[in-house]
Amino acid sequence: MNKRASGVLMHITSLPGDYGIGSFGQAAYDFVDFLKETKQTYWQILPLTTTSYGDSPYQSFSAVAGNTHFIDLDFLIRDKFLTKADVKGADFGLDPEFIDYAKVYEARRPLLEKAVKAILADKKEAKKFEAFKSENANWLADYADFMAIKEHFDNKALQDWDDKKAVKRDEATLEKLRKELADVITYHQVVQYLFFSQWAELKAYANKNGIQIIGDMPIYISADSVEVWTQPHLFKLDAECKPRYIAGVPPDNFSATGQLWGNPIYAWDKHKAENYAWWVFRIQESFKLYDYLRIDHFKGFSDFWEIPGGDETAENGEWVPGPGYD
């Protein structure tokens with residue numbers, strides 16, 4: 001028989017820290033020590049993926065890439081990629097109890113850019129980065145392209161990019177943009193290396209102290225994501241990558257108009273035709289990060305509420321069967 005065990009749900013953002021948001025820094029290691037001391041077995045977290053408009057980890061630019069807000073600045077100082085003077089005076093927001101995401105984003109970006117330059121200039125570290133790049137080639141290049149091009153178009157959502165050839169992945173257009181944005185593309189690759197390196201160290205520490213990590217995988221991804229850009233056939237989209245149907249839940253006692261999440265709906269027949277390869281990949285990638293995996297809104301595999309794409313409430317949706325036991 002399995003022994004009974006318990007744990008605590010504490011997302012990384014909620015850990016204490018001096019730089020406006022929780023991180024993979026010393027406070028995370030202290031939290032592992034607390035879990036061990038109180039005889040816990042599990043540390044449950046929310047998705048570690050990037051956050052977009054609204055700052056929710058359930059609306060991400062990528063199903064795989066990590067949230068670079070979690071890269072710890074003190075550890076970058078420890079590793080000599082930054083100095084204390086670099087972070088002094090940066091404005092991460094003044095309220096110790098609330099995260100000012102805009103300020104965190106603005107203050108961290110120049111610091112991470114400086115750290116990236118230091119990493120690329122360090123032969124040993126640059127070699128480790130190159131190894132990470134080749135090990136993660138199946139998603140990293142596309143993700144870095146997506147983020148760099150998105151920034152080039154003033155951070156607009158994919159569907160609103162100024163150049164529709166870029167939305168449709170016209171090869172000549174992409175080649176031109178890759179040359180033009182080479183440094184920004186490299187930046188997005190190196191910060192992913194930093195994210196995964198710091199998380200691997202933290203997870204190893206937790207596991208060594210008998211703490212298992214329960215991760216969280218959102219069932220849906222954002223319409224403004226690298227997956228919608230590179231694999232549009234896996235979603236119910238129109239010719240401009242706009243969702244024909246979106247996710248949500250119907251009206252109930254808590255909400256008269258239901259909940260309109262806005263995520264694109266999967267074209268499950270296409271997933272089935274590919275033997276659910278994208279889901280297999282997603283789960284494999286998740287187990288590189290976590291010991292156990294919780295799939296958010298798992299019910300969506302049974303049936304899901306499908307709402308017409310242009311609607312502003314969830315009222316006109318209908319229940320549609322999902323892939324079920326497949």
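Residues numbered from 1 in each chain as written. Predicted model: local features only at pLDDT ≥ 70, side-chain atom pairs only at ≥ 80, totals over all residues. Heavy atoms only, no water.

**Quick look at the overall build of the protein**
Inclusion rule: Secondary structure counts use DSSP, requiring at least four H or I residues in a row for a helix and at least two E residues in a row for a strand, with both numbered from the N terminus. Values of the radius of gyration come from C-alpha atoms, whereas the globule rule sets the reference at 2.2 Å times the count of residues to the power 0.38. Within this scheme the basic residues Lys and Arg register as positive and the acidic residues Asp and Glu register as negative, but His and the chain ends are omitted. Throughout, a charge is located at the NZ atom of Lys, the CZ atom of Arg, the CG atom of Asp or the CD atom of Glu.
What the protein contains, in helices and strands, is 12 helices and eight strands. Expected size for 326 residues packed as a compact globule is a radius of gyration near 20 Å; at 21 Å, the protein falls within 12% of this value. Taken together, the 38 basic and 50 acidic charged side chains of the protein have centroids lying 6 Å from each other.

**Here's the deal with the layout of surface pockets**
Under the convention used in this document: Both site types are read off a 1 Å grid over the protein atoms alone. A 1.4 Å probe that fits but cannot get out defines a cavity, while an open set with protein on both sides within 12 Å along at least five of seven lines defines a pocket; lining residues have an atom within 4 Å of a point. Grid points are joined across faces, edges and corners, and a volume is the space filled by probe spheres set on the points. We call Asp, Glu, Lys and Arg charged. Ala, Val, Leu, Ile, Met, Phe, Trp, Tyr, Cys and Pro are nonpolar, and the rest, Gly among them, are polar.
Put simply, the largest pocket is a space of about 600 Å³. Forming the walls of the largest pocket are 27 residues, and the residues nearest its centre are Thr 51, Phe 61, His 69, Tyr 105 and Met 147. When residues of the lining of the largest pocket are traced back to their parent elements, those giving at least two are helix H4 (101–121), helix H6 (140–152) and helix H9 (182–208). Among the elements that make up the lining of the largest pocket, the one with the highest residue count is H4 (six residues). Classifying every residue of the lining of the largest pocket by side-chain character gives 11 nonpolar, nine polar and seven charged.

**What about the environment of Phe 195?**
Rules: Per-residue accessibility, obtained with a 1.4 Å probe over protein chains only, is compared with the maximum for each type, and a residue is labelled buried under 20%, exposed over 50%, and partly exposed between these values. By definition in these notes, contact holds between two residues if any of their heavy atoms fall within 4.5 Å.
Relative to the elements of secondary structure, Phe 195 occurs in helix H9. Overall, the relative accessible area of 0% leaves Phe 195 in the buried class. Among all residues touching Phe 195, those that are not within four sequence positions of it are Phe 24, Leu 48, Gly 66, Asn 67, Phe 70 and Ile 71.

**Describing the sheet that holds strand S8 (residues 318–321)**
The condition that has to hold: Strands are treated as partners if at least two bridges between them are detected by DSSP. The convention used is that axes are lines fitted to C-alpha atoms, helices contributing only their stretch in contact, and that angles between N-to-C directions extend from 0 to 180 degrees.
Taken together, the four strands give an open sheet; going across it, the order is S5-S4-S7-S8, and neighbouring strands pair in antiparallel fashion. What marks the edges here is a single partner per strand, and that holds for strand S5 (259–264) and S8. The mean angle between the axes of side-by-side strands here comes to 50°, regardless of whether they run parallel or antiparallel. Where strand S4 (residues 245–249) and S5 come together, three bridges link them in antiparallel fashion. Across the sheet, Val 249 pairs through a bridge with Gln 259, a residue of S5.

**Concerning the nonpolar core**
The line we're drawing: What we call a nonpolar core is a set of buried Ala, Val, Leu, Ile, Met, Phe, Trp, Tyr and Cys residues that are connected through their side-chain atoms within 4.5 Å.
Formed by 88 residues in total, the largest nonpolar core has its most connected members in Trp 43 and Trp 199. Element by element, the count of residues in this core is highest for H9, at 11 residues.

**Details of the side chain of Asp 72**
Formally: Salt bridge, as used here: a side-chain nitrogen of Lys or Arg that lies within 4 Å of a carboxyl oxygen of Asp or Glu. For this analysis, a polar contact is any N or O atom pair within 3.5 Å, provided that within protein one partner can donate a hydrogen and the other can accept it, and provided that sequence-adjacent residues contribute only side-chain to side-chain pairs.
Mapped onto the secondary structure, Asp 72 falls in the loop between strand S2 (42–44) and helix H2 (73–78). Notably, Asp 72 is buried but unbridged: the nearest opposite-charge side chain belongs to Arg 108, and the N-O separation is 6.8 Å. Polar side-chain contacts of Asp 72 include one of 2.7 Å to the side chain of Ser 23. From its side chain, Asp 72 meets the backbone nitrogen of Asp 74 in a polar contact 3.2 Å long. Here Asp 72 is in contact with Ser 23, Phe 24, Gly 25 and Gln 198, once residues within four sequence places are set aside.

**A short note on the packing of H6 against H9**
Counted only if it meets this: Angle categories: roughly parallel below 35 degrees, roughly antiparallel above 145, roughly perpendicular from 65 to 115, and oblique for all the rest. Helix crossings are classified by the rotation of the near helix relative to the far one: an anticlockwise turn of less than a right angle makes the crossing left-handed, while a clockwise turn makes it right-handed.
One can describe the packing of H6 onto H9 by two numbers: an axis separation of 8 Å at closest approach and a directional angle of 125°. Considered as vectors, H6 and H9 are oriented oblique to each other. Two packed elements cross with a definite hand, and for H6 against H9 that hand is right-handed. Touching Leu 140, Ala 141, Tyr 143, Ala 144, Asp 145, Met 147, Ala 148 and Glu 151 of H6 are Val 184, Ile 185, His 188, Gln 189 and Gln 192, all from H9. Across the contact of H6 with H9, the residue classes tally to eight nonpolar, three polar and two charged.

**Quick word on the packing of helix H5 (residues 123–135) against H9**
Where H5 meets H9, the closest approach of the two axes is 10 Å, and the angle between their N-to-C directions is 95°. Classed by the angle they form, the pair H5 and H9 counts as roughly perpendicular. Side by side, H5 and H9 meet where Glu 125, Lys 128, Phe 129, Phe 132 and Lys 133 of the first sit next to Gln 189, Val 190, Gln 192, Tyr 193 and Phe 196 of the second.

**Overview of the packing of aromatic side chains**
Our working rule: Pairing of aromatic side chains requires ring centres within 6.5 Å, counting the rings of Phe and Tyr and the six-membered ring of Trp. Pairs whose planes differ by under 30 degrees are stacked, by over 60 edge-to-face, and all others tilted. Charges are assigned to positions over rings by a cutoff of 6 Å between ring centre and Lys NZ or Arg CZ, combined with an angular limit of 35 degrees from the ring normal.
Applying the stated criterion across every chain, the model contains 33 aromatic pairs. Ring geometry for Phe 195 and Phe 196: centres 4.9 Å apart, planes at 80°, overall edge-to-face. Here Phe 195 and Phe 196 have matching classes, each one buried. Pairing Phe 235 with Trp 278 gives two aromatic rings, centres 6.4 Å apart and planes at 75°, and the pair type is edge-to-face. Here Trp 278 lies in helix H12 (residues 277–289) and Phe 235 lies in the loop between helix H10 (226–230) and S4, a separation of 43 residues in the sequence. Just as Phe 235 is buried, Trp 278 falls in that class too. An aromatic cluster of three or more residues is present, and its members are Phe 24, Phe 70, Phe 129, Phe 132, Trp 139, Tyr 143, Tyr 193, Phe 195, Phe 196 and Trp 199. Lying over the aromatic face of Trp 229, Arg 169 brings its terminal NZ or CZ to 4.3 Å of the ring centre. Sitting above the plane of the Trp 319 ring, Lys 299 keeps its charged end 4.8 Å from the centroid.

It is worth stressing that arrangement in space is one thing and function is another; only the former is reported here.
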